[in-house]
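Analysis of the macromolecular model
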Amino acid sequence: MSLDERAAGLDAVDPLAGEPAKFSLPDSTIYLDGNSLGPLPRHVPAVLQNVVEQQWGHDLITSWNRHGWWEAPRRAGDRIGRLLGGAPGQVVAGDSTSQQLFSATVAAARLNPGRRTVVIDPASFPTDLYVVASVAELLGLEVAQVEPSHLQHFLADRGSDVAVAVLCEVDFRTGERLDAPALTDALHQSGALVLWDLCHSAGALVVELDAWGADLAVGCGYKFLNGGPGAPAWIYVAQRHQEQFRGAVAGWNGHARPFAFEAAYEPAPGVSRARVGTPAMLSLLSLDAALDVYDGLDMVDVRARSVSLTGFFLECLAELAPDLEPVTPREPERRGSQVSVRHASAYAVVQALLARGVIGDFREPDIARFGFSPLALTHVQVLRAARELADVVATRAYADPALAARTTVT
Ligand SMILES: *Cc1c(COP(=O)(O)O)cnc(C)c1O
């Protein structure tokens, strides 16, 4: 069977084949960057127009009550929680991932007092490394950079001093996915907590926070959750930790009685205490609206589609560009929703693809990265993208000097 027939066949049998129609993307574009900025769900502009004109413009301050603005962080949080295997009442949306990471790391250290070490994977997204270092500096803790494959060994030696490990389930460069339940168990056996960074998981992978026994988790709203540029992040606090949870910043939105305006802080019951200040409401409501796309969907089906799209891309590359070396694991259970390839001119390869309407991105030092929004893409598009990539590499189209000039955002 030809690749064209395979692509058409895979699209025809896919139970989620109707999903791409929910997104608004230019016809000329194949969008393989949903792991940096999710595409625009078609219905969101009308919702935002109503938010701006009716809610803000007409109903003004009364919208906090009338349109449920006050509850929006919890409402969006529960909807995100459902996609992550978290029962209601454990997730709130707000702030940025960097801020949520900071707060969650502080909270974890407080939940596990007496232990002085924070473990982090050196391959983590850099903000995670910076944030953990800044928490350690502030609280007088020690940071241990430990590769996940060495974690068991490290814990056998120093596990009794580990307060928390901060781990990204999916490596943002290679797309490799960790065995989150096994790592969670290993940490718990040492009495350590785990803080999962699920930026590249939420909305694409089957995450089972409650079943894993995760302690804390954070993630982005603007990647596979499609919340829009700069959409709020979210934090998960397992039910059993909520009564003890103290984030980095005690803010009035997280007070037990915010409108009593009391001088002394008393944390709200439950996960609401993870709220801080007034949320960026337009972005939060954009995220909340974008989540409609997932209503009624089972993440098992979403993940199956993600695996199918990434697997088909790998299959196409093996046939069309056999010299190109994917750094993403071929085993479906070991990869996230992206495929990365290594190339000495990766930056120019990505630029050449951009000129042909295929949007991926570049990550230092030599990685061309393609993220697969599981609901927005078709297998036919995946094949077209693979053909363009194979052609750019075979014809050395990337060697055009005009493609080498670096932009600020890569
Ligand atoms: C995208 C990403 C972030 C981004 O953090 P922001 O505060 O939203 O800029 C953090 N961590 C990981 C693992 C990411 O993939």
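What you are looking at is a predicted structure, and each value in this text was computed from that prediction instead of being measured.

Some details on helix H1 (residues 3-13)
Within the sequence span of H1, burial applies to Leu3, Ala7, Leu10 and Asp11. For H1, the angular spread of the buried residues around the axis is 100 degrees, confining them to a single face. Facing away from the buried side of H1 by more than 90 degrees, the exposed set consists of Ala12 and Val13. The inward-facing, buried residues of H1 contact helix H11 (299-320) and helix H13 (379-394).

What to know about the pattern of salt bridges
Across all of its chains, the model carries 22 salt bridges by this definition. Where glutamate 315 meets arginine 6, a salt bridge forms, and the shortest distance between an N and an O atom there is 2.7 Å. You can see glutamate 315 sitting in helix H11 and its partner arginine 6 sitting in helix H1, a full 309 residues away along the chain. Residue classification places glutamate 315 among the partly exposed residues on the basis of a relative accessible area of 31%. Judged by relative accessible area, which is 26%, arginine 6 ranks as partly exposed. Here aspartate 361 and arginine 369 are joined by a salt bridge, their closest N and O atoms 2.8 Å apart. Among the residues examined, aspartate 361 registers a relative accessible area of 3% and is labelled buried.

Focus on the site of the ligand
Residues in close proximity to the ligand total 13 residues, the closest being Ser98, Asp128, His200, Tyr222 and Lys223. For the ligand, an oxygen atom lies 2.6 Å from a polar atom in the side chain of serine 98. With respect to the ligand, the side chain of tyrosine 222 contributes an N or O atom lying 2.7 Å from an oxygen atom. Taken by itself the ligand offers 390 Å² of open surface, and the protein chains cover 86% of this. For the shell around the ligand, the elements supplying multiple residues, two or more each, are helix H5 (97-111) and helix H6 (126-139). Of the residues belonging to the shell around the ligand, the class tally is five nonpolar, five polar and three charged.

Structural notes on the sheet that holds strand E10 (residues 234-237)
Taken in spatial order, the seven strands make up an open sheet running E4-E10-E9-E8-E7-E5-E6, and their pairing is mixed. At either end of the open sheet lies a strand with only one pairing partner, and these are strand E4 (91-93) and strand E6 (142-145). Between one strand axis and the next, the sheet turns through 20 degrees on average, direction left out of account. Where strand E8 (residues 193-197) and strand E9 (residues 216-219) come together, three bridges link them in parallel fashion. Pairing of aspartate 197 across the sheet is with valine 218, part of E9.

Section: the UniProt feature "modified residue: N6-(pyridoxal phosphate)lysine" (unreviewed entry) in the chain
Per the UniProt record, the feature "modified residue: N6-(pyridoxal phosphate)lysine" (unreviewed entry) sits at Lys223. Structurally, the position occupied by lysine 223 is in the loop between E9 and E10.

Some words on the packing of aromatic side chains
Counted by the stated rule, this structure contains 12 aromatic pairs. Geometrically, the ring pair formed by phenylalanine 125 and phenylalanine 172 is edge-to-face, given 5.0 Å between the ring centres and 65 degrees between the ring planes. Residue phenylalanine 125 is found in the loop between strand E5 (117-120) and H6, and its partner phenylalanine 172 is found in the loop between strand E7 (162-168) and helix H8 (180-189); the two are separated by 47 residues along the sequence. The buried category is assigned to phenylalanine 172, whose relative accessible area is 6%. Pairing tryptophan 252 with phenylalanine 261 gives two aromatic rings, centres 5.8 Å apart and planes at 25 degrees, and the pair type is stacked. For tryptophan 252, a relative accessible area of 36% corresponds to the partly exposed category. By relative accessible area, which is 58% here, phenylalanine 261 ends up exposed. An aromatic cluster of three or more residues is present, and its members are Trp64, Trp69, Trp70, Trp252, Phe259 and Phe261. The cationic tip of arginine 275 hangs over the ring face of tryptophan 70; the distance from NZ or CZ to the ring centre is 4.4 Å. Cation over ring: arginine 406 sits above tyrosine 347, and NZ or CZ is 4.4 Å from the ring centre.

Conventions used here
Residues numbered from 1 in each chain as written. Predicted model: local features only at pLDDT ≥ 70, side-chain atom pairs only at ≥ 80, totals over all residues. Heavy atoms only, no water. Buried < 20%, exposed > 50% of the residue type's maximum accessible area, 1.4 Å probe, protein only. Helix = DSSP H or I, 4+ residues; strand = E, 2+ residues; numbered from the N terminus. Arc of directions from axis to C-beta. Contact = heavy atoms within 4.5 Å. Salt bridge = Lys/Arg side-chain N within 4 Å of Asp/Glu carboxyl O. Near = heavy atom within 4 Å. Polar contact = N/O pair within 3.5 Å; in protein donor to acceptor, adjacent residues only side chain to side chain. Areas by Shrake-Rupley, 256 points an atom, 1.4 Å probe, with all protein chains shown as cover. Nonpolar A, V, L, I, M, F, W, Y, C, P; charged D, E, K, R; others polar. Pairing = 2+ DSSP bridges. Axes fitted to C-alpha atoms, helices over the stretch in contact; angles between N-to-C directions. UniProt positions renumbered as here; feature names shortened; annotations may be inferred. Phe/Tyr/Trp six-rings, centres within 6.5 Å; stacked < 30°, edge-to-face > 60°. Lys NZ or Arg CZ within 6 Å of the ring centre and 35° of its normal.

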